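# Coordinate analysis (summary)
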Amino acid sequence: MFEKILIANRGEIALRIHRACREMGIRTVAVHSTADDKAMHVRLADESVCIGPPAARDSYLNIPAILSAATITGADAIHPGLGFLAENAAFAAMVEEHGFTFIGPSPDHIRLMGDKVAAKRAAVELGMPVVPGSPGAVATVAEAETEAVRIGYPVLVKAAGGGGGRGMRVAPDGEALRNAVPAAQAEAKAFFGNGEVYLERYLARPRHIEVQVLGDGQGGAIHVGERDCSLQRKHQKLLEETPSPALNATARAAIGRIATDAVRKLGYKSAGTIEFLYEEGEFFFIEMNTRIQVEHPISEMVSGIDLVREQIRIAAGAPLGYRQEDVKLAGHAIECRINAENAETFRPSPGCITGYHAPGGMGVRVDSALYQGYTVPPQYDSLVAKLVAHGTSRNECLMRLRRALEEFVIEGIETTIPLHQRLVADPDFINGDYDIHWLEQFVARSR
Ligand code: MV4
């Protein structure tokens, strides 16, 4: 097992990784920008190294500085967390070339899933259902039109280098497509340095359901249930829950089986998430994320499996500590993402935390790097806390969540807590009756 891990991240996820390391008896190295010298992840780590100025590109994305920090502190392994360098295949390769272990999948798997056209082709070969679409990238408007007629309008033009919703365009007819293709190609080229675009049938009102998987690259593969991540706005998730209110036991077992079969065939080694759109009883693969995700705690709450510990064990060469029949999913869990933003305008609200009290009690977990007197810097993501509730039923989970939202005190900055309070009181939400577009309407009418 590793003796020392460098955590190449900040905020709540850096803390989350530190906690897993501590429990495993592994020492930790924090890295930080000059804006983060008083951050909780730096305070808790055994050692810390300043790796640059506030701008992420000069610090948390500064590969030479991170590798130097690992060298001078004698770390064995590097955990990238999420965001920043977590899905950078070149970084993963460099980490290994410098003699450290990358706590994540192989560079080849990161690269494969980063190219959405290649990922979709792989998904088909792995036996996963995909959205009907062009077999690969479309090079010209003429080719796109031929494909669109075959697929049927409306179609969605997507960027191969994209993901997370950037560079997508809906084309309801041929005329729209003739504009959408060159526009999407230009945008994709400018944004991702890859101008390739492909077409899919546009699903009007799907839910976004993702399956948490673990693979050990030695034939071991499990899933830890699904998460319903449909409650999002501008591709930013607000609240996630597991199990999905939309699935019955048969559908759940089917999608879990499809995901684990794919992970095993791929020889995938680490934690990952396979994303699907779900509409009218059908699943369609869209992407695979090769990192630990923000919403991983809800899967931990229903399974009792420490996903970060499993990532570390697997990276150290251990086989998976669980077989599928050992995975018992119990009860219901919901995560509220609490951002330092105005709850109506979503304007960022960095600043000093003048008062702080986190909720606790039965079935409540808070992952946050906040403390009273800390100043939330303006340079990074606005996520400041994840409030996770667990209950034996969805209703019990919701009662605890409402109670915990009421208890939570964060003073000195604005947060999205008031929005969460409105959301958990809404009849549609209470009935589990929502799709990927529902939250936008809710925000518009609740302002
Ligand atoms: C789609 C879709 C409808 N039809 N694909 C957006 C993010 C990217 N990962 C995939 N996305 C979508 N792909 C087809 N064929 C609608 C979306 C989409 C979406 C998906 C998941 C969560 C939120 C979303 C918000 C808008 C659009």
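Just so it is clear, the structure is predicted and the values come from calculations on it, not from any experiment.

Conventions we followed
Residues numbered from 1 in each chain as written. Predicted model: local features only at pLDDT ≥ 70, side-chain atom pairs only at ≥ 80, totals over all residues. Heavy atoms only, no water. Helix = DSSP H or I, 4+ residues; strand = E, 2+ residues; numbered from the N terminus. Rg over C-alpha atoms; globule rule 2.2 N^0.38 Å. Buried < 20%, exposed > 50% of the residue type's maximum accessible area, 1.4 Å probe, protein only. Contact = heavy atoms within 4.5 Å. Areas by Shrake-Rupley, 256 points an atom, 1.4 Å probe, with all protein chains shown as cover. Lys, Arg positive; Asp, Glu negative; His and termini not counted. Charge placed at Lys NZ, Arg CZ, Asp CG, Glu CD. Pairing = 2+ DSSP bridges. Core = buried A, V, L, I, M, F, W, Y, C linked by side-chain atoms within 4.5 Å. Salt bridge = Lys/Arg side-chain N within 4 Å of Asp/Glu carboxyl O. Near = heavy atom within 4 Å. Polar contact = N/O pair within 3.5 Å; in protein donor to acceptor, adjacent residues only side chain to side chain. Axes fitted to C-alpha atoms, helices over the stretch in contact; angles between N-to-C directions.

## Some thoughts on the overall build of the protein
Per the secondary structure count, the protein includes 15 helices and 20 strands. A compact globule built from 447 residues should have a C-alpha radius of gyration of about 22 Å, and the protein, at 22 Å, falls within 12% of that. On the principal axes, the C-alpha backbone points of the protein span a range of 60 × 50 × 45 Å. Split into buried and exposed, the 447 residues of the protein put 57% on the buried side. For the protein, the share of sequence-separated contacts (at least 6 apart) that also reach a separation of at least 24 residues comes to 65%. Summing over all exposed atoms, the protein offers an accessible surface of approximately 17,600 Å²; the carbon and sulfur share of this is 51%. When the 47 positive and 56 negative side-chain charges of the protein are each reduced to one mean point, those points stand 1 Å apart.

## Section: the pairing of strand E12 (residues 269-279)
Sheet faces and side chains relate simply in a regular strand, where the side chains alternate between the two faces. Buried residues dominate E12, accounting for 10 of its 11 residues. Here 10 bridges tie strand E9 (residues 207-216) to E12, and the two strands are oriented antiparallel to one another. Note on E12: the bridge partner recorded for Val 213 is Gly 272. Here E12 runs beside strand E13 (residues 282-289); their pairing, made up of seven bridges, is antiparallel. By the bridge assignment, Tyr 278 is partnered in E13 with Phe 283. Between E12 and E13, which pair antiparallel in sequence order, lie two residues; one of them, Glu 280, sits at a positive phi of approximately 50°.

## Quick word on the nonpolar core
In terms of nonpolar packing, the biggest core is built from 39 residues, with Leu 387, Leu 401, Leu 423 and Phe 429 touching the most fellow members. Taken together, the elements giving at least two residues each to this core come down to strand E11 (236-242), strand E14 (332-339), strand E19 (383-391), helix H12 (394-407), helix H13 (417-423) and helix H15 (438-446). Counting residues per element, this core draws most heavily on H12, at five residues. What Leu 423 contacts, discounting residues up to four positions off in sequence, is Leu 231, Leu 238, Leu 239, Phe 429, Trp 438, Leu 439 and Phe 442. Ala 20, Cys 21, Leu 307 and Ala 315 belong to the second largest nonpolar core, which has 27 residues in total.

## Points about the pattern of salt bridges
Side chains that differ in sign of charge can pair as their charged atoms come close. One pass over the full model with this rule turns up 36 salt bridges. With a closest N to O distance of 3.0 Å, Arg 252 and Glu 226 form a salt bridge. Taken together, the positions of Arg 252 in helix H9 (residues 249-266) and Glu 226 in strand E10 (residues 221-233) put the pair 26 residues apart, joining distant regions of the chain. Among the residues examined, Glu 226 registers a relative accessible area of 2% and is labelled buried. Through salt bridges that share partners, Glu 210, Arg 227, Lys 237, Glu 240, Glu 295, Glu 335 and Arg 337 make up one connected network.

## Re the site of the ligand
Taken together, 17 residues lie near the ligand, and Lys 158, Glu 200, Arg 201, Leu 203 and Glu 287 sit nearest. At 2.9 Å, a side-chain N or O of Lys 158 approaches a nitrogen atom of the ligand. With respect to the ligand, the side chain of Glu 200 contributes an N or O atom lying 2.9 Å from a nitrogen atom. Notes on the ligand: free accessible area 510 Å², of which the protein chains cover 92%. Looking at the shell around the ligand, the elements with two or more residues in it are strand E6 (155-159), strand E8 (197-201) and E13.

## Considering the sheet that holds E8
Taken together, three strands build an open sheet; the order of strands is E7-E6-E8 and the sheet is antiparallel. Strand pairing shows two members of the sheet lacking a second neighbour, strand E7 (169-171) and E8, which therefore form its edges. Across the sheet, the mean angle from the axis of one strand to that of its neighbour is 30°, orientation sign disregarded. Two elements, E6 and E8, share five bridges in a ladder whose sense is antiparallel. By the bridge assignment for E8, Val 157 is matched with Leu 199. Where helix H7 (residues 141-151) meets the sheet, its contacts fall on E6 and E8, and the angle it forms with E8 comes to roughly 20°.

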